[in-house]
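Residue-level structure breakdown
Below, each chain spelled out in residue letters.
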Amino acid sequence: MSGLRALLTISILFGLLMLQGCLHDDDSDPDGVIQISRLIPAMIGDTNLPDNGSLKVSAYHAGQLLGSQSISDEQVEGELRLAMSPGKYQITVVFEFESAAYGTVSLASIQADEIELPSGQTVTVEFAANEFVYANDDGDLYTNLVELGYGTDPGIDNHFFFVVADDGVSGLELYVTDGTSDFMKLVKDINSNSDSNPAEYVVIDDYLYFTATDQVVGVELWRVNLQTKLVELVKDIYSGSSGSIPQNLTAVGDTLYFSAYTEANGRELWKSNGTEAGTLLVKNISSGSNSSNPSGFIALNGGIYFSASHESSGFELWRTDGTNEGTVLVKDIYPGVNSGYSSEQQIIVFGNRLYFSANDGINGHELWMSDGSESGTLMVKDLSSGDSSSYPQHLTVMGGAIYFSAATINEGRELWKSDGSALGTQLVKDILLGGGDGLVSNIVSLNSSLYFIADDGMAGKELWASDGTEMGTKLLKDSAPGSEGIDVRALVATDNMIYFMVSAPGICGPDFILWCSDRSLWRSDGTMEGTLRLQSSDNSYIR
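Here goes a summary of the coordinates provided. Note that the structure is predicted; figures quoted are calculated from it, not measured.

This brings us to the overall build of the protein chain. Check the secondary structure of the protein chain and you find 1 helix and 43 strands. Expressed as a percentage of its 543 residues, the buried residues of the protein chain come to 52%. Considering only intrachain contacts with a sequence separation of at least 6, the fraction spanning at least 24 residues in the protein chain is 49%. Approximately 22500 Å² of the protein chain is accessible, and the part contributed by carbon and sulfur atoms is 47%.

Structure (C-alpha cells):
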C-alpha cells in the first residue's frame with residue numbers, strides 16, 4: 001500500500017466506488033455502449049481480505065459462468081473479453097474472493113440491460129471507478145465529494161475528484177484524483193510545511209470555491225479553476241495570520257454567499273463573484289463589532305433566506321437580495337431579544353414556501369412556514385399543545401407533502417406529514433405505541449418511498465420504509481433479530497440505493513463472514529432481499 005493511500009485511510013475512513021461498466025462488441029460504436037451503473041463497496045484492498053486468497057471479476061448469464069479474470073488489490077479498472085454465441089443475454093458482473101478456507105464469496109455485483117447478439121462475436125465488459133461515498137470517524141455518511149467532469153490530466157478520462165489528502169510531506173492539501181490509487185496529484189501546496197485543511201467545497205461555473213489556511217493570510221476564501229487547475233486566493237478579507245474564517249459557503253446562481261469575520265464588523269454576511277473586487281460585505285446586521293453569525297442559506301423566489309442574530313431580536317429569519325438595503329428581517333417570530341429561529345433548526349423549500357421549526361414563545365418549537373413576508377410567516381400547527389414543543393426534525397419532501405419526525409406526549413417521536421395546512425398535518429403512524437419514540441433517525445426519500453430507522457418495541461431499531469400511509473409504513477428488514485436491533489449512525493440516499501452505517505456485533509450473515517466487526521456499512525434497494533450488509537469500516541479506505 002502506498003504511503004499516500006495509507007494516509008488517505010486516516011483522512012477519510014471509509015470509501016466506496018461507483019462501478020460503472022459498459023458492454024459492447026468489438027466492432028460497435030463506442031457511443032452505443034450499454035451502461036451499467038451501481039454503487040458497490042470498495043472491497044478490493046490488501047487490508048480487507050485474508051492473505052491466502054485471490055480476487056477476480058466474473059461474468060455470468062442465468063447463473064452460467066461466461067468468463068472471469070483475476071485482479072490484484074491495486075486494480076480498480078479493466079475489462080473482460082467474452083466469446084459469445086448468438087442469442088439474448090443479461091450479463092451480471094461479479095467481484096469475487098476465492099480461497100481454500102472460504103470457497104468463492106461474492107463481494108458485489110452489477111447487472112447490464114439485456115442485449116441480443118444476432119451472430120457469434122466477442123463482447124467486452126469494461127469496468128472503472130467513478131464516484132465515492134464515504135464516512136467519517138463518527139460513522140456519518142456523505143456523498144458530497146466534489147465530482148467534476150474535466151478530463152485534461154493524464155490518467156483521467158472525463159471524470160475526476162478533489163479530495164483532501166496528506167502525502168507525508170505537504171500536510172493536508174487539495175489533491176485531484178481519477179478515483180484510483182494510480183492517479184493522485186497535489187493541486188497546490190497552499191500552506192507550506194503544514195496543513196491547509198481545505199473545506200466547504202462549492203462549485204460555481206468553472207471554479208471550485210473552498211476555504212483553506214495559509215500561514216500568511218490565515219483561513220480565507222480560495223478557488224481552483226477546474227480546467228487549468230490554477231489555484232488562487234480570492235481575497236484576504238481580514239488581514240493577518242488568523243484570517244476571516246469563511247463559513248457556510250452557499251452558491252445562489254453565480255454568486256457565493258457566506259459568513260466571514262473581521263475585527264471591525266464581527267462575523268457578518270458576505271458575497272463574492274470570484275474576484276477580489278467583487279468579494280464584499282453585504283450588510284453589518286448586528287451593529288459595530290458584534291456578530292450576527294448568518295448561516296443556513298437557502299434560496300426561494302429570487303431571495304436568499306438565512307438565520308441571523310440582531311441585538312434587538314435574537315436569532316430570526318432574514319432575507320437578502322444581495323444588497324445592503326435588501327437585507328431585512330422577515331419576522332421577529334419570538335418578540336424581543338429571544339430567538340425564534342436559528343439554523344440549528346432545519347429549513348427546506350416546499351412549493352413556494354419555506355418550512356422550518358420555530359418557537360414563538362407561546363407554543364414552543366413547532367412547524368412553521370413562510371412565503372418571505374412578515375404576514376405570510378405562520379405556524380402550521382401546534383402538535384404539542386401549550387408551550388411544550390414537538391421539535392419537528394428531519395424535514396423531507398416526497399410527492400405532495402413534507403414528512404418529518406415530531407414528538408408529542410401521547411405518541412412520542414413519530415413520523416408525521418403535512419401539506420402546509422393545519423388540517424393536512426397528520427400523524428402517519430404511531431410505530432411504538434404508548435408514548436415511546438418510534439422514529440429514531442433521519443429520514444431519506446428515494447423513488448417515492450421514505451426510509452428511516454424506527455423501533456416498534458419488538459424488533460428493536462431497524463430499517464423501515466413508508467409510502468406516506470399508515471398501512472404502507474412497515475419494517476423493511478429485521479437485520480439483527482431480537483428487541484435490541486441496530487445502532488445506526490446515518491442514512492444517505494444515492495444512485496437508487498439507501499446506505500447506512502450500523503453498529504451491531506455478531507450480525508454477519510453467511511455471505512459476509514469475512515467482515516464481522518462493531519461497525520459495518522449496509523445497503524438497501526428498498527426490498528427485504530436487497531437489504532444487505534456490505535463491509536465493515538475499520539479496514540477501509542478511499543480508492
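It is worth spelling out the nonpolar core at this point. Membership of the largest hydrophobic core comes to 14 residues, with the highest contact counts inside it found for L80, L82, M84, Y89, I91 and L117. Secondary-structure elements contributing two or more residues to this core are strand 3 (53-61), strand 5 (78-84), strand 7 (91-99), strand 9 (115-117) and strand 10 (121-135).

Locating S292 in the fold gives a position in the loop between strand 23 (280-283) and strand 24 (295-300). Take S292: its relative accessible area is 0%, and that puts it in the buried class. Within the structure, the side chain of S292 is placed 2.6 Å from the side chain of E268, a separation counted as a polar contact.

It is worth spelling out the sheet that holds strand 18 (residues 218-225) at this point. With respect to topology, 4 strands assemble into an open sheet ordered 16-17-18-19, the strand pairing being antiparallel. Each of the sheet's edge strands pairs with one partner strand only, and the pair in question is strand 16 (199-204) and strand 19 (231-235). For this sheet, the mean angle separating the axes of adjacent strands, direction not counted, is 35°. Bridge count for strand 16 against strand 17 (residues 207-214) is 4 bridges, and the pairing is antiparallel.

Procedures and definitions
Residues numbered from 1 in each chain as written. Predicted model: local features only at pLDDT ≥ 70, side-chain atom pairs only at ≥ 80, totals over all residues. Heavy atoms only, no water. Helix = DSSP H or I, 4+ residues; strand = E, 2+ residues; numbered from the N terminus. Buried < 20%, exposed > 50% of the residue type's maximum accessible area, 1.4 Å probe, protein only. Contact = heavy atoms within 4.5 Å. Areas by Shrake-Rupley, 256 points an atom, 1.4 Å probe, with all protein chains shown as cover. Core = buried A, V, L, I, M, F, W, Y, C linked by side-chain atoms within 4.5 Å. Polar contact = N/O pair within 3.5 Å; in protein donor to acceptor, adjacent residues only side chain to side chain. Pairing = 2+ DSSP bridges. Axes fitted to C-alpha atoms, helices over the stretch in contact; angles between N-to-C directions.

Spatial relationships are all this shows, so hold off on functional conclusions.
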